[in-house]
Amino acid sequence: MKRLRRFVKRLTSWAKTGRDEDRLRAEIESHIALQTEDNLRAGMSPNEARRQAVLKFGAVESIKEEYRDQRRLPFIEDLLRDVQYALRQLRRNPGFTTVVVITLALGIGANTAIFSVVNTVLLRPLPYRDADLLVTVWEYNRARSIHHTETVSAPDFADWRAENHVFQSMGASTDGSFYTLTGRGEPAAIMGYYFSADFFHVLGTAPLLGRTFLPEEEQPGKNHVVVLSYSLWQNRFGGDRAVLGKTITLDGAAYTVVGVMPPGFKWPGGTELWTPLTISPKAAADRNYRDLRVMARLKPGVTIQQARMEMNMIAHRLAFEYPKTNKDESSTEIISLRQKISGGIRPALLVLLCAVGLVLLIACANVANLLLARSAGRQKEVAVRAALGASRGRLVRQFLTESILLAFAGGALGLLLAFWCTGALVAMFPPTISNLSIPHIQKIPIDGWVLGFALAVSLLTGVIFGLIPALQAARLNTDESLKECGRSLSGSAQGRHFRNTLVIAEVALSLILVASAALTIKSFAHLLGGDLGFTPHHVLTLRVLLPNHKYGTDAEQRDFSDQALDRVRALPGVKSAGTVTFLPLSGWGGIRQVSLEGQLTSQRGNPNALWSSVTPGYFRAMDIPLVKGRFFTDQDNQGANSVAIISKSLARRLAPNRNPVGQSINVEGIKGLVEVVGVVGDVHQLGITSEVTSEIYLPFSQVPAPILCFTIRTAGNPSGIVRGAERAIWAVDKDQAVSYLMTMDALASESLAPQRVATVLLGVFAGIALLLAVVGLYGVIAYSVSQRTHEIGIRMALGAERRDVLKMVLSQGLKLAMIGVSIGIAGALALTRFLSSLLYGVKPTDPLTFIAVSLILIAVAVAACYVPARRAAKVDPMVALRYE
């Protein structure tokens, strides 16, 4: 047998190193000759001795032919044999295969889903020609409390465009305005933007139909032309190509349709139509009136830094030449369009991408542990193959083939999981958030890049979790393993140490994820439980924009408001109702500078305040508390003295050491002094996550505005009066569009949509990680118990109690968990600081959170170890002693 084994090894070695056939023939003949001599000494006849030797070692020609076939065997056929063999092995162990595939599917599916979002939002090209050259430009204001105004005056914009040498072109627009579209079904509020004639050329997107604006259409009287978005063209005009040249009615005026933009073009997000930007003669000469938003296209080869340097030089010159208006705007800010669009969500996406990466690492560690345990049952197979001449490289390739097949199966299942997850992600974002805040989030495609990512991750995963078990198997001692007493791979000290290391890594990574999720959950709970400044429950809101052609005077606006509120208050179930210009949590608000009597409103240091015009019933409808003074009444009308109500924060800034009620103040845009008649609580105007701002409320009767946001408090479910509220508005004006019909609870929920999504996803990933870590720890302890059954039997036979065995096994698992928790805490303290932008009211190093997470993880680890520990404590010594 020893001679035959050495013979097979030498033949295989020559076949792999490419020795020539003559040497192979000589070796075969020498072995046949030696065997023939042995047969003669055993008493065989010469012919029989030769025949038996040939039968034992094979005919020379057949061995030579087999050798030639082996050398001619194409690599692909060799690989296919490995694949077939791997498939047979996996079919023989369906339980093992299922567990591994599901584990990998969780890791690969989560990574693919999040990458599809990252690819859509951060990596996918923007729908504009050479979008990397597009930048937004604005002035940097050092005096205002809002440092980046993002707006420019018309004269400054004209100077920028004339003097710069870094931009191919520059375009201007103004903030969106809602038009009332009538004549096509129910009146609809359509969001539109004013674009300068060259703004479309800056973006570099040609219309699908027709044309964009001409320079002469920026002039008053020639500006009643409109370009439609693709969605508006489809939804309101049925995709009729004959729409070009037709007139539509916007705010009661006729506009001629001159173009339709292609699908996907919506700048800014949510815009449905565009009209020409017309600058009045007054605005064209007033550098204090800043309402233009500027976008520019860089010249090829010009960097943002170079453009910023030149624009700062122009801003310095303008500040020197026009000190009264530009002294505080002596520099500019330039950022890329992609940063402008996705800068707000980038940190959250990168955090989620890192989180799913940790989940995949934990899944790989788990599967590697499973493969190491499984390799123990295959040591005889590996030893036989090695004895027959299989090289270490061939053994590694076979094991890697199996692991890569498992990874691809997990990747295929994970891709299906990713399809479902991306749909769920889109559903988690409200429509308004999807359209306005996050680009392309309405549809997250699984495109070629995502498929390529899934394939690459599957391949890399297969190599990562399969390589170490493969190398362990390749280093197997063949002679030892061929003996019945050979120790298992996984039972060796090296195997145990490696498996323990993997479990420690799983626990540490899990703690990082669980701590991150706990911090975001605590932050989200802080936001939910925070004081909004009002009570959102049982409040319905809707918005009405009064067109100028119908309601161009203060009296007309007051009359509409009075009639509409009377009809709304008469609806069944309505307790109170009022209107406000800018709804809380909407993110909208006008700014006016406020000062005490005797100070100039333009004086540096005077506070800026968000303002709104409100009707007397507004504060009661929103349940905003009165701190001092009184609310508005019907007597605070256009004929009475000017009055105002201010927020607590503005009161502290205006009169920190005295009662502001009764004080006279100056309000930008209002002639004469204004008396403060009340102080109310602070409200989160710009969103739940925004800081409380100073606010001033003015009576609608004294300062009417064309924007009316109705707030209606009801006794029951506010959704039940939606149709009644619409009919109440249409009873006053049948052509008036009603928009943003929603409850305040829904608006508050929308305001927290990005934080809610991040919290839910981190929580899910942390749960998966914790589950995988627990399974891994359970598997290691359970396998350790099975390997130590004989030892446990001896201990119990020598007098060890069951509680001693239970304590021994639990201590082993607890030791691994404690080491993992210690490493995880250090890693979490270093990494959770990157969560700062996602946390509100919670520090990234919150000690209570880390203590709670550590205790939970240790408790879960003990629970995972208890089952195998209890099984070990029930070992029968007599059975255990016969175990091996």
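Remember, it's a predicted structure, so these values are computed and weren't measured experimentally.

Caption draft 1: The overall build of the chain, seen in detail. Each helix and strand counted, the chain has 30 helices and 23 strands in total. Evaluated residue by residue, the chain yields a buried proportion of 51% over its 884 residues. The long-range fraction of contacts in the chain, counting pairs at least 24 apart against all pairs at least 6 apart in sequence, stands at 80%.

Caption draft 2: Structural detail: the environment of Thr247. Assignment of secondary structure puts Thr247 in strand E8 (residues 247-250). If we skip the residues at most four places from it in the chain, Thr247 touches Ala254, Tyr255 and Thr256.

Caption draft 3: Region of the structure containing the pattern of salt bridges. Within the structure shown, the criterion is met by 19 salt bridges. A salt bridge links Arg129 to Asp130, with the nearest nitrogen and oxygen atoms 3.7 Å apart. Exposure remark for Arg129: the relative accessible area of 43% places this residue in the partly exposed category. One continuous salt-bridge network, built from bridges that share partners, spans Lys550, Asp733, Lys734 and Asp735.

Caption draft 4: Highlighting a nonpolar patch on the surface. Nonpolar side chains collect at one region of the surface, where Phe408, Leu455, Leu459, Val463, Leu467, Ile468 and Leu471 lie side by side and expose about 520 Å² of accessible area between them. Considering every element that reaches the nonpolar patch, the biggest residue donor is helix H18 (residues 448-474), with six residues. Along the polypeptide, Val463 turns up in helix H18.

Caption draft 5: Quick peek at the side chain of Thr97. Position of Thr97 relative to the elements: it lies in helix H6 (residues 94-123). Here Leu90 takes part through its backbone oxygen, which lies 2.9 Å from a polar atom of the side chain of Thr97. For Thr97, the residues in contact, after removing those within four places along its chain, are Leu90 and Leu406.

Caption draft 6: Region of the structure containing the pairing of E8. Alternating residues of E8 divide into Ile248 and Leu250, all buried, and Thr247 and Thr249, none buried. Note that E8 and strand E9 (residues 253-260) share four bridges and pair antiparallel. Paired with Leu250 across the bridge in E9 is Ala253. Counting the residues between successive antiparallel strands, the hairpin from E8 to E9 contains two residues, one of them, Asp251, with a positive phi of roughly 50 degrees.

Caption draft 7: The arrangement of the packing of aromatic side chains in detail. Summed over the entire model, instances satisfying the criterion amount to 20 aromatic pairs. Between Phe619 and Phe631, the aromatic rings sit 5.2 Å apart at their centres with planes inclined by 10 degrees, giving stacked as the arrangement. With Phe619 in helix H22 (residues 618-622) and Phe631 in the loop between strand E17 (626-629) and strand E18 (643-647), this residue pair connects regions lying twelve residues apart in the sequence. The buried category is assigned to Phe619, whose relative accessible area is 1%.

Caption draft 8: Spatial organisation of the nonpolar core. The biggest cluster of nonpolar side chains holds 64 residues, and the ones touching the most others in it are Phe765 and Val809. Within the residue set of this core, elements represented by two or more residues are H6, helix H14 (346-376), helix H20 (493-528), helix H26 (753-787), helix H27 (789-797), helix H28 (802-831) and helix H29 (847-873). Here this core gets 13 residues from one element, more than from any other, and that element is H26. The residues touching Phe765, leaving out its near neighbours within four places in the chain, are Ala110, Ile114, Leu352, Ala355, Val356, Val359 and Leu513. Membership of the second largest hydrophobic core comes to 28 residues, among which are Val614, Ile645, Val680 and Met742.

Caption draft 9: Seen up close, the pairing of strand E20 (residues 674-680). The buried fraction of E20 amounts to six of the seven residues, a majority that puts the element mostly inside the structure. Both E17 and E20 contribute to a ladder of three bridges, which runs antiparallel. In the sheet register, Gly629 faces E20, and the bridge partner there is Gly678. As paired elements, E18 and E20 share five bridges and run parallel to each other. Following the sheet pairing, Ile646 is matched in E20 by Val679. Strand direction decides the pairing type here: strand E19 (residues 664-667) and E20, joined by two bridges, are antiparallel. Following the sheet pairing, Ile665 is matched in E20 by Val674. Between E19 and E20, which follow one another and run antiparallel, lie six residues, and Gly669 among them has a positive phi close to 95 degrees.

Caption draft 10: A look at the environment of Ala365. Position of Ala365 relative to the elements: it lies in helix H14. For Ala365, a relative accessible area of 9% puts it in the buried group. Separated by 411 residues in sequence, Ala365 and Gly776 place their C-alpha atoms 8.1 Å apart. Other than its neighbours up to four places away in sequence, Ala365 contacts Leu502 and Glu506.

Caption draft 11: Main features of the packing of H26 against H28. For the pair H26 and H28, the least separation of the axes is 10 Å and the interaxial angle reads 145 degrees. For the crossing formed where H26 meets H28, the hand is right-handed. Counting all contacts with H26, which are made through Leu777, Val780, Ile781, Ser784 and Val785, the residues of H28 involved are Val809, Gln812, Gly813 and Leu816.

Caption draft 12: Summary view of a negative patch on the surface. Taken together, the side chains of Glu556, Asp559, Asp562 and Asp634 define an acidic patch exposed on the protein surface. Look at Asp559 and you get partly exposed, because its relative accessible area is 42%.

Caption draft 13: Here's a closer look at the packing of helix H25 (residues 744-751) against H26. Two elements in contact, H25 and H26, have axes whose closest approach is 5 Å; the angle formed by their N-to-C orientations is 60 degrees. Classified by the angle their axes make, H25 and H26 are oblique. On H26, the residues that touch Ser749, Glu750 and Ser751 of H25 are Ala753, Pro754, Gln755 and Arg756. Class assignment of the residues belonging to the contact of H25 with H26 gives a composition of two nonpolar, three polar and two charged.

Caption draft 14: Examining the side chain of Thr36 more closely. With respect to the helices and strands, the residue Thr36 is situated in helix H2 (residues 21-41). Excluding residues within four positions of it along the chain, Thr36 makes contact with Ala49, Arg50 and Ala53.

Caption draft 15: Quick peek at the confidence of the model for the chain. The share of residues in the chain with pLDDT of 70 or more is 84%, and the mean pLDDT across the chain is 82. Element-level mean pLDDT values for the chain span from 48 in helix H17 (residues 431-436) up to 96 in strand E7 (residues 225-228). Here residues 14-20 scores under 50 on pLDDT; set against residues more than four positions off or in separate chains, the count is 15 contacts. With pLDDT under 50 throughout, residues 433-437 is counted as low confidence; its partners more than four residues away or in other chains account for 13 contacts.

Caption draft 16: A look at the environment of Ser169. Relative to the helices and strands, Ser169 resides in strand E3 (residues 167-173). In sequence terms Ser169 and Ala296 are 127 residues apart; their C-alpha atoms lie 5.7 Å from each other.

Caption draft 17: Structural view of unusual backbone geometry. Positive phi outside glycine occurs at Asp251, with the angle close to 50 degrees. Using a relative accessible area of 19% as the deciding quantity, one classes Asp251 as buried. Not every positive phi belongs to a glycine, and His538 is a case in point at roughly 65 degrees. Residue class for His538 comes out partly exposed when judged on its relative accessible area of 38%.

Criteria and cut-off values
Residues numbered from 1 in each chain as written. Predicted model: local features only at pLDDT ≥ 70, side-chain atom pairs only at ≥ 80, totals over all residues. Heavy atoms only, no water. Helix = DSSP H or I, 4+ residues; strand = E, 2+ residues; numbered from the N terminus. Buried < 20%, exposed > 50% of the residue type's maximum accessible area, 1.4 Å probe, protein only. Contact = heavy atoms within 4.5 Å. Salt bridge = Lys/Arg side-chain N within 4 Å of Asp/Glu carboxyl O. Patch = residues over 30% accessible without salt bridge, like charges linked within 9 Å, V, L, I, M, F, W, Y side chains within 5 Å. Areas by Shrake-Rupley, 256 points an atom, 1.4 Å probe, with all protein chains shown as cover. Polar contact = N/O pair within 3.5 Å; in protein donor to acceptor, adjacent residues only side chain to side chain. Pairing = 2+ DSSP bridges. Phe/Tyr/Trp six-rings, centres within 6.5 Å; stacked < 30°, edge-to-face > 60°. Core = buried A, V, L, I, M, F, W, Y, C linked by side-chain atoms within 4.5 Å. Axes fitted to C-alpha atoms, helices over the stretch in contact; angles between N-to-C directions. Left-handed = near helix turned anticlockwise from the far one by under 90°. Lys, Arg positive; Asp, Glu negative; His and termini not counted. Charge placed at Lys NZ, Arg CZ, Asp CG, Glu CD. Parallel < 35°, antiparallel > 145°, perpendicular 65-115°, else oblique. Nonpolar A, V, L, I, M, F, W, Y, C, P; charged D, E, K, R; others polar. pLDDT = per-residue confidence, 0-100.

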